[in-house]
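Summary of the model geometry
Next come the chains, spelled out residue by residue.
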Amino acid sequence: MNRQRFLPRERFQSLIDQLKAAGYDVVGPQVRDHAIVFDALTKVEQLPIGITDEQAPGRYRLEKSESRRCFDWATGAQAIKPMTFVARETLWQSERLPGGGISFHDTLTETRPVAIIGVRACDLAALSIHDHHFMRGAHPDPQYSQRRQSLFLIAVHCMRSAATCFCTATGDGPQARSGYDLVLSELDTGFILEAHTGRGLDIVLQMETEAVTAEQTEQADAGILRAARQQHRTLPAGPLQEKLVSAVEHPHWQTLNDRCLSCGNCTAVCPTCFCQTHVDEISLDGQQASHVRQWESCFNPDHSHIHGIVIRSERSHRYRQWLTHKFGTWEEQFGRSGCVGCGRCITWCPVGIDVTGELAVLCKRNEP
Amino acid sequence: MNNPFMPHEAEVIARHEETADLFSIQLRLTDPVIQSQYRFAPGQFNMLYLPGMGEVPVSIVSDPDDIHIIDHTIRKVGSVTNNLGRLQVGDRLGLRGPYGRGWPVVEAEGTDLVIVTGGLGCAPSVSLIDYVLRCQARYGHVHIIQGVKHSNDFIWHARYDLWRQYPNVEVWLTADAGDALWPWHIGPVTQFFDQLDIDPQRTSVMMCGPEGMMKAVVQDMRQRAVPDKRIWFSMERNVQCAVGSCGRCQLGAKFVCKDGPVFNYDELAPYWGHKGA
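What counts and what doesn't
Residues numbered from 1 in each chain as written. Chains lettered and ligands numbered in written order. Predicted model: local features only at pLDDT ≥ 70, side-chain atom pairs only at ≥ 80, totals over all residues. Heavy atoms only, no water. Axes fitted to C-alpha atoms, helices over the stretch in contact; angles between N-to-C directions. Helix = DSSP H or I, 4+ residues; strand = E, 2+ residues; numbered from the N terminus. Parallel < 35°, antiparallel > 145°, perpendicular 65-115°, else oblique. Left-handed = near helix turned anticlockwise from the far one by under 90°. Contact = heavy atoms within 4.5 Å. Nonpolar A, V, L, I, M, F, W, Y, C, P; charged D, E, K, R; others polar. Buried < 20%, exposed > 50% of the residue type's maximum accessible area, 1.4 Å probe, protein only. Buried area = accessible area lost by both parts, 1.4 Å probe. Polar contact = N/O pair within 3.5 Å; in protein donor to acceptor, adjacent residues only side chain to side chain. Phe/Tyr/Trp six-rings, centres within 6.5 Å; stacked < 30°, edge-to-face > 60°. Lys NZ or Arg CZ within 6 Å of the ring centre and 35° of its normal. Salt bridge = Lys/Arg side-chain N within 4 Å of Asp/Glu carboxyl O. Disulfide = S-S within 2.5 Å. Pairing = 2+ DSSP bridges. Domains from an automatic or database assignment.

What follows covers the packing of helix H3 (residues 121–135) of chain A against helix H11 (residues 315–334) of chain A. Residue and element names in this part refer to chain A. One way to put it is that H3 packs onto H11 with a least axis distance of 12 Å and a crossing angle of 55°. What the angle tells us is that H3 and H11 run oblique. As for how H3 packs across H11, the hand of that crossing is left-handed. Mapping the contact onto sequence places Ile-129, His-132 and His-133 in H3 and Trp-330, Gln-333 and Phe-334 in H11. Split by residue class, the contact of H3 with H11 holds three nonpolar, three polar and no charged.

Laid out in structure tokens, this is it:
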């Protein structure tokens with residue numbers, strides 16, 4: 001059969017039902033506290049139907065839209081990163097034994113299979129980077145690997161970009177191209193479903209779907225093209241590693257020192273940031289301790305602390321570290337930029353610092 | 001799947017107070033199978049753990065060929081190192097390692113060696129010197145230059161006296177400030193470089209210590225035309241995971257914990273000497 005099938009809007013609930021029947025806990029986007037977040041999903045009505053987001057540097061607002069669409073918005077502050085790289089989790093525990101010894105225990109527990117509906121192209125690209133970081137080194141991460149392997153991903157092609165989106169500049173969107181089981185193209189009347197894996201196809205085959213018409217395919221393509229054309233932010237011509245590393249003493253870093261609050265919002269919302277702190281938490285009787293990993297930000301002075309010295313003591317050092325790593329040295333580490341163009345760092349920066357604008361200044365003197 | 005973050009239990013076999021804030025502990029992994037499989041290369045480090053306190057990265061001082069014990073020399077600076085300093089013989093702690101890329105003992109074969117250390121920077125280089133002197137036929141002349149802030153900080157007198165007795169080994173000692181009985185030099189480690197009779201094209205420089213000192217040595221050795229790829233140093237950054245995951249030790253594109261801690265100048269040149277890099 002053709003891998004593309006059409007699912008009328010009134011039958012969209014059958015996708016959730018089918019995933020549940022296949023044993024998955026279903027997670028999807030929904031409105032909470034004036035923002036779109038991902039959480040457990042049982043009914044289509046929980047989705048952000050007729051909601052759109054207005055984003056700008058330092059600004060995020062949800063608004064009612066004219067349409068009945070579920071995915072007529074761009075990005076929330078978080079999407080799927082917290083489901084694989086958890087914000088706070090125990091890595092292992094230690095216990096003092098009566099004879100003075102110490103025993104160590106793994107804390108890995110079984111995870112349930114999870115199906116996530118509504119994964120965007122930028123977040124799939126970020127997930128692929130995290131897969132590389134957490135699973136393909138000499139020491140694969142057991143916690144990340146287990147959660148990652150339990151995921152069934154249902155992507156959605158973006159048909160609307162926020163003003164802060166620039167995935168066309170990084171080459172990661174708005175069309176979801178790989179790394180998912182199923183992908184949705186949302187039209188006014190329903191969804192084009194396209195399976196990319198055998199288990200994705202199994203789900204589609206269980207549902208009552210229709211053949212896709214040429215007109216529907218054209219509408220989907222036009223929607224993706226429209227989202228691409230809505231984007232106006234660009235990046236300097238890459239690769240950027242050499243440009244940024246050689247701009248290490250650029251005077252522009254000082255202006256960032258003056259504007260940046262060092263709050264770490266950009267690193268918290270960035271889908272590729274992976275820095276961590278490992279801390280030990282002891283029980284009241286001192287007999288047990290949990291070794292906990294939590295998200296860390298390179299904007300925290302403690303991030304670069306060594307025996308009484310803070311290596312990046314100035315905000316300008318920390319901003320330089322973040323931007324140079326994300327857009328520059330990341331290339332050497334991962335074979336690509338660490339930015340997927342989601343624009344979250346621009347939206348959620350309380351003073352509205354726009355990385356694309358900063359990069360334009362920092363890389364300018366090196367442009368031919 | 002093996003948990004790369006989880007330590008093994010180790011036991012304190014011996015301890016020694018070096019100075020008021022420096023101590024050495026000798027450790028052995030309590031599981032005989034794990035201890036027998038434990039091997040390290042000069043310049044690598046371990047993560048030491050105390051329950052409820054956390055972990056610290058510490059370079060390994062002992063002889064890499066001694067498969068029964070693991071020595072660390074540690075300065076008391078924070079809560080973990082201060083409490084490691086309180087451990088007594090028989091006490092238990094956590095240990096995982098070894099981690100990182102150590103000294104280029106194979107690449108440096110056939111060359112003269114200039115080993116420069118500052119302060120407790122000598123700790124990561126002790127196992128290097130022990131190794132080099134045991135395989136002395138593979139190396140040329142060995143210059144050992146150790147600088148300390150104050151003569152009171154100088155430890156391991158016996159070790160340096162022993163090294164001095166080897167043929168083709170010269171030991172140079174200096175302190176920024178010394179008391180009346182300090183028999184060696186006063187001033188920076190670079191003061192000896194004019195007296196070193198080295199052929200830059202067949203010399204390897206290895207150093208460890210404060211970045212300011214290493215910066216001065218790198219500049220001097222590059223001026224003497226020692227190739228960038230033969231100027232090596234051991235770097236320090238914040239290390240939480242030691243396996244390249246936590247991102248805390250990044251220095252430019254490098255993860256100090258897995259790509260280093262030993263680097264040559266060529267590898268770090270773009271980031272070298274920039275404050276906050």
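This paragraph deals with the environment of Val-355 of chain A. Residue and element names in this part refer to chain A. Tracing the backbone shows Val-355 in helix H13 (residues 355–364). Judged by its relative accessible area of 1%, Val-355 falls in the buried class. Between the C-alpha atom of Val-355 and that of Leu-323, which follows or precedes it by 32 residues, the distance is 7.8 Å. When sequence neighbours within four positions are dropped, the list of residues in contact with Val-355 reads Phe-166, Tyr-319, Trp-322, Leu-323, Phe-327, Cys-345 and Ile-346.

Moving on to the interface of chain B and chain A. Facing 42 residues of chain B, the contacting portion of chain A comprises 48 residues. Interface area lost by chain B to chain A is led by Met-1, Phe-5 and Arg-248 of chain B, which between them contribute 16%. Inspection of the region where chain B meets chain A yields 23 residue pairs in polar contact (both at pLDDT 80 or more). Those elements that place two or more of their residues in the side of chain B that touches chain A are strand E1 (8–17), strand E3 (45–50), strand E4 (54–59), strand E6 (92–99) and strand E14 (254–255) of chain B. For the side of chain B that touches chain A, the element with the highest residue contribution is E6 of chain B, accounting for three residues. Partitioning the side of chain B that touches chain A into residue classes produces 19 nonpolar, 15 polar and eight charged.

Let's shift gears to the packing of aromatic side chains. According to the stated counting rule, one finds 26 aromatic pairs over all chains in the structure shown. Pairing Tyr-24 of chain A with Phe-152 of chain A gives two aromatic rings, centres 5.0 Å apart and planes at 50°, and the pair type is tilted. On the criterion of sequence distance, the pair formed by Tyr-24 of chain A in the loop between helix H1 (13–21) and strand E2 (25–32) and Phe-152 of chain A in strand E9 (residues 151–156) is long-range, its members being 128 residues apart. Ring centres of Trp-92 of chain A and Tyr-49 of chain B lie 4.9 Å apart, and the angle between their planes is 80°; on these two criteria the pair is classed as edge-to-face. Taken together, the positions of Trp-92 of chain A in strand E6 (residues 88–96) and Tyr-49 of chain B in strand E3 put the pair across two chains. Classification of Tyr-49 of chain B by relative accessible area gives buried; the value is 0%. Here the aromatic residues Phe-85, Phe-134, Tyr-144 and Trp-295 of chain A are joined through ring pairs into a cluster of three or more. Positioned above the aromatic ring of Trp-295 of chain A, the side-chain terminus of Lys-81 of chain A is 4.4 Å from the ring centre.

All of the buried residues along helix H4 (residues 142–149) of chain A are Pro-142, Gln-143, Tyr-144, Ser-145 and Arg-148 of chain A. Where H4 of chain A is buried, its residues meet helix H2 (81–84), E6, H3, E9 and strand E13 (288–295) of chain A.

It is worth spelling out the pattern of salt bridges at this point. For the structure on display, the rule yields 35 salt bridges over all chains. Across the salt bridge formed by Glu-9 of chain B and Arg-92 of chain B, the nearest N and O atoms sit 3.2 Å from each other. Here Glu-9 of chain B, found in strand E1, pairs with Arg-92 of chain B, found in strand E6; they are 83 residues apart in sequence, far enough to count as distant. According to the relative accessible area criterion, Glu-9 of chain B is buried, its value standing at 15%. The class for Arg-92 of chain B is partly exposed, based on a relative accessible area of 24%. Between Glu-267 of chain B and Arg-101 of chain B there is a salt bridge whose closest N-O contact spans 2.7 Å. With a gap of 166 residues between them, Glu-267 of chain B in helix H7 (residues 265–268) and Arg-101 of chain B in the loop between E6 and strand E7 (112–118) connect regions that are remote in the sequence. A relative accessible area of 23% places Glu-267 of chain B in the partly exposed class. The partly exposed category is assigned to Arg-101 of chain B, whose relative accessible area is 30%. Several salt bridges share partner residues, and in doing so they unite Glu-89, Asp-141, Arg-147 and Arg-293 of chain A into one network.

Attention shifts here to unusual backbone geometry. Backbone torsion omega between Gly-173 of chain A and Pro-174 of chain A reads 5°, so that peptide bond is classified as cis. For Pro-174 of chain A, the location among the structural elements is in the loop between helix H5 (167–170) and strand E10 (182–186). With an omega dihedral of -5°, the bond running from Gly-97 of chain B to Pro-98 of chain B counts as a cis peptide bond. Note on placement: Pro-98 of chain B falls in strand E6. If you check the backbone angles, His-34 of chain A has positive phi at about 65° while not being a glycine. Among the secondary structure elements, His-34 of chain A is positioned in the loop between E2 and strand E3 (35–40). Residue classification places His-34 of chain A among the exposed residues on the basis of a relative accessible area of 70%.

Turning next to the state of the cysteines. Here the structure, examined in full by the defined rule, presents zero disulfides over all chains. The thiol of Cys-246 of chain B is not disulfide-bonded; the next cysteine sulfur, from Cys-241 of chain B, is found 3.8 Å away.

The next subject is the side chain of Asp-181 of chain A. All names here are of chain A. Positionally, Asp-181 belongs in the loop between H5 and E10. Side chain to side chain, Asp-181 and Thr-197 meet in a polar contact 2.8 Å long. Beyond its immediate stretch of four places on either side in the chain, Asp-181 contacts Leu-151, Phe-152, Leu-153, Glu-194, Ala-195, His-196, Thr-197, Arg-199 and Gly-200.

Turning our attention to the sheet that holds strand E7 (residues 102–106) of chain A. Sheet strands line up and pair through hydrogen bonds in the backbone, either parallel or antiparallel. Residues and elements named next belong to chain A. Taken in spatial order, the four strands line up as E7-E6-E13-E12 in an open sheet, and their pairing is antiparallel. Looking along the sheet, the strands with just one partner apiece sit at the ends: E7 and strand E12 (276–282). Taken pair by pair, the neighbouring strands of this sheet meet at an average axis angle of 25°, ignoring direction. Where E6 lies against E13, seven bridges are found, and the strand directions are antiparallel. Bridge assignment links Arg-88 to a residue of E13, and that residue is Gln-294.

All names here are of chain A. You can read the domains of chain A as domain 1 (4–86 + 109–230) and domain 2 (241–273 + 297–364). Spacing between the C-alpha centres of domain 1 and domain 2 amounts to 28 Å. Tallying the contact residues gives 27 residues for domain 1 and 26 residues for domain 2. Between domain 1 and domain 2, roughly 2100 Å² of surface is buried when both sides are summed, and carbon and sulfur atoms account for 59% of that area. For the pair domain 1 and domain 2, the interface holds two salt bridges. In this structure, the salt-bridge partner of Asp-123 is Arg-344, at a minimum N-O distance of 3.0 Å.

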